[in-house]
Amino acid sequence: MPSEYQKRSFILFTECLINLVKNKKYAEDIYCNRTIHAVRHPVQYLPGSFKPVRNQSYPGIRHHSDCRIDRFPDIINDCIAEVWGFKKARLIIWSGFISNFLVIGFAQLAVMLPAAPFWEGEEGFNFVFGMAPRIAIASLMAFLVGSFLNAYVMSKMKIASAGKNFSLRAIVSTLVGESADSMIFFPIAFAGLIPIGELFIMIGTQAVLKSLYEVIILPVTIRVVNYIKKVDGNDVYDVGTSYNILNVRDL
């Protein structure tokens, strides 16, 4: 389940957009502030930067702690792709990637710096923040590929369906994105450390549980998307849009 902070951030994100777009007097500032508030959303991904530190197991189910950490920002990503299209989603995804990269980089720097003589938490600090390079690379690559696939599938299905069947598009795009995320992360991070059979179980379980979360939260997502579309007046179809993920200048 999402944390209370994530719930409040999601509500604040929506309210900021709605309140800002109502103020027609400052149209130019509205666009700038709306973009800033959208870009701040990747900060919620930061807890996921440290997701590799723990795997969890319940009777009959083995999964990664990431399964509960970063689902909520992904729902917001679906909303952004649905309302403002692939261009804005691309901006948010790259912002999230850079945020994660910086956090991981500074965490590694903090681990390498010598601790004060009186510091007693060195072992725990290093365990949490001292991710192995292969895990850091796996996390960043999985995030980037999974997020872009999610946005791409959502965009293409919206065009093909003429904007209908949002529920189906949200579920399918999440399943594709999270499957790619899991198939990239686990082999890179744990190959040679976990039996191959266990890896396949974790990949499948992770993808299914994350997609199931999308289904559970879907009624809320639908209402938020419809409300933002109504107030903001945007409902972008990515006809003629470049899907080149490096084309960040095309906002």
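Each chain carries its own residue numbering, running from 1 in the direction its sequence is written. It should be noted that, the model being predicted, local features are given only for residues of pLDDT at least 70 and side-chain atom pairs only at 80 or more, the latter also being counted only at that level, while totals for whole chains, interfaces and linings use all residues. Note that the side-chain values use all heavy atoms of the structure and ignore hydrogens as well as water.

### Thoughts on unusual backbone geometry
Stated formally: Helix and strand labels come from DSSP, where a helix needs a run of H or I of at least four residues and a strand needs a run of E of at least two; each type is numbered from the N terminus.
Of note in the backbone geometry, Ala 162 takes a positive phi value of approximately 60° without being a glycine. Positionally, Ala 162 belongs in the loop between helix H6 (133-160) and helix H7 (166-190). Unlike most non-glycine residues, Asn 165 shows phi in positive territory, near 60°. Turning to its location among the elements, Asn 165 is positioned in the loop between H6 and H7.

### Examining the confidence of the model for the protein
Filter applied, for reference: pLDDT gives the predictor's per-residue confidence on a scale running from 0 to 100. Residues are treated as being in contact if the distance between any of their heavy atoms lies within 4.5 Å.
Chain-level pLDDT for the protein is 75 on average; 69% of the residues reach the 70-or-more range. Segment residues 24-37: pLDDT under 50, and 17 contacts once partners within four positions in sequence are set aside and those in other chains are kept. Below a pLDDT of 50 lies the segment residues 65-69, which in the model reaches 17 contacts outside its immediate sequence neighbourhood of four places, other chains included.

### Details of the nonpolar core
The cut-off we apply is this: By nonpolar core is meant a set of buried Ala, Val, Leu, Ile, Met, Phe, Trp, Tyr and Cys residues that side-chain atoms within 4.5 Å join together. A 1.4 Å probe rolled over the protein chains alone gives each residue an accessible area, and that area as a share of the maximum for its type sets the label: buried under 20%, exposed over 50%, partly exposed in between.
By size, the foremost hydrophobic cluster in this structure holds 27 residues, and its most contacted members are Ile 93, Phe 97, Leu 144, Phe 148 and Phe 166. Only helix H4 (71-112), H6, H7 and helix H8 (196-232) provide two or more residues apiece to this core. Ala 142, Phe 185, Ile 194 and Leu 199 belong to the second largest nonpolar core, which has twelve residues in total.

### A closer look at the environment of Leu 109
The topology assignment puts Leu 109 in helix H4. C-alpha of Leu 109 to C-alpha of Phe 129: the two residues are 20 residues apart in sequence and 9.7 Å apart in space.

### Notes on the pattern of salt bridges
This is how it is decided: Throughout this description, the term salt bridge denotes a Lys or Arg side-chain nitrogen within 4 Å of a carboxyl oxygen of Asp or Glu.
All chains considered together, the criterion is met by seven salt bridges. Put simply, Glu 82 and Arg 169 hold a salt bridge, and the shortest N to O gap is 2.5 Å. Of this pair, Glu 82 sits in helix H4 while Arg 169 sits in helix H7, placing them 87 residues apart in sequence. According to the relative accessible area criterion, Arg 169 is buried, its value standing at 1%. Note that Asp 181 is salt-bridged to Lys 210, the shortest N-O span being 3.7 Å. Placement of Asp 181 in helix H7 and of Lys 210 in helix H8 is noted, with a sequence separation of 29 residues between them. Assigned by exposure class, Asp 181 and Lys 210 land together as buried. Through salt bridges with shared partners, a single network forms among Glu 82, Lys 158, Arg 169, Lys 229 and Asp 235.

### A few points about the packing of aromatic side chains
Cut-off, in case you're wondering: Stacked, edge-to-face and tilted labels apply to pairs of Phe, Tyr and Trp rings (six-membered ring for Trp) whose centres lie within 6.5 Å, assigned for plane angles under 30 degrees, over 60, and everything in between, in that order. By definition here, charges over rings are those cases where NZ of Lys or CZ of Arg is within 6 Å of the ring centre and within 35 degrees of the ring normal.
For the structure shown, the criterion picks out eight aromatic pairs. Between Phe 86 and Phe 148, the ring centres sit 6.2 Å apart and the planes meet at 40°, which makes this aromatic pair tilted. With Phe 86 in helix H4 and Phe 148 in helix H6, the pair connects residues that are 62 residues apart, well separated along the chain. An identical accessibility class is assigned to Phe 86 and Phe 148; each is buried. Members of the aromatic cluster, each reached through a chain of ring pairs, are Phe 86, Trp 94, Phe 97, Phe 148, Tyr 152 and Tyr 243. We note Lys 158 situated over the ring of Tyr 237; from NZ or CZ to the ring centre the distance is 4.7 Å.

### Quick look at H8
To be explicit about the condition: Take the seven residues that end at a residue and the seven that start at it, fit an axis to each, and the angle between those axes is the bend at that residue.
Residue Ile 217 marks the point of greatest curvature in H8, where the axis turns by about 60°; the proline Pro 219 follows within four residues. Looking one or two places after H8, you find Gly 233, whose phi comes out positive at around 80°.

### A look at a nonpolar patch on the surface
Convention followed: Each patch is built from salt-bridge-free residues with over 30% relative accessible area, joining like charges within 9 Å and nonpolar side chains (Val, Leu, Ile, Met, Phe, Trp, Tyr) within 5 Å. Using a 1.4 Å probe, the Shrake-Rupley method yields the accessible areas, and only the shown protein chains count as cover for residues.
A cluster of nonpolar side chains, contributed by Ile 98, Phe 101, Leu 102, Phe 106, Leu 109, Met 112 and Leu 113, occupies part of the molecular surface with about 750 Å² of accessible area. Structurally, the position occupied by Ile 98 is in helix H4. Taking the relative accessible area as the measure of exposure, Ile 98 reaches 47% and is therefore partly exposed.

### Some details on the environment of Ser 155
Mapped onto the fold, Ser 155 is located in helix H6. A relative accessible area of 4% places Ser 155 in the buried class. As for Ser 155 and Tyr 237, which are separated by 82 residues in sequence, their C-alpha atoms are 7.3 Å apart. Every residue in contact with Ser 155, bar those within four places of it in the chain, is listed here: Phe 86, Asp 238 and Tyr 243.

### Topic: the packing of H7 against H8
What counts is decided by this rule: Axis definition: a line fitted to C-alpha atoms, over the contacting stretch in the case of helices. Angles run 0 to 180 degrees between N-to-C directions. In these notes the angle categories are as follows: under 35 degrees is roughly parallel, over 145 is roughly antiparallel, 65 to 115 is roughly perpendicular, and the rest is oblique. Crossings are sorted by hand: turned counterclockwise from the far helix by less than a right angle, the near helix makes the crossing left-handed, and turned clockwise it makes it right-handed. Polarity classes work like this: nonpolar for Ala, Val, Leu, Ile, Met, Phe, Trp, Tyr, Cys and Pro, charged for Asp, Glu, Lys and Arg, and polar for all others, with Gly in that last group.
Viewed as axis vectors pointing N to C, H7 and H8 meet at an angle of 150°, and their least axial separation amounts to 8 Å. Judged by the angle between their axes, H7 and H8 are roughly antiparallel. The interaxial crossing formed by H7 with H8 has right-handed handedness. Among the residues making up the contact of H7 with H8, the classes are represented as 16 nonpolar, seven polar and four charged.

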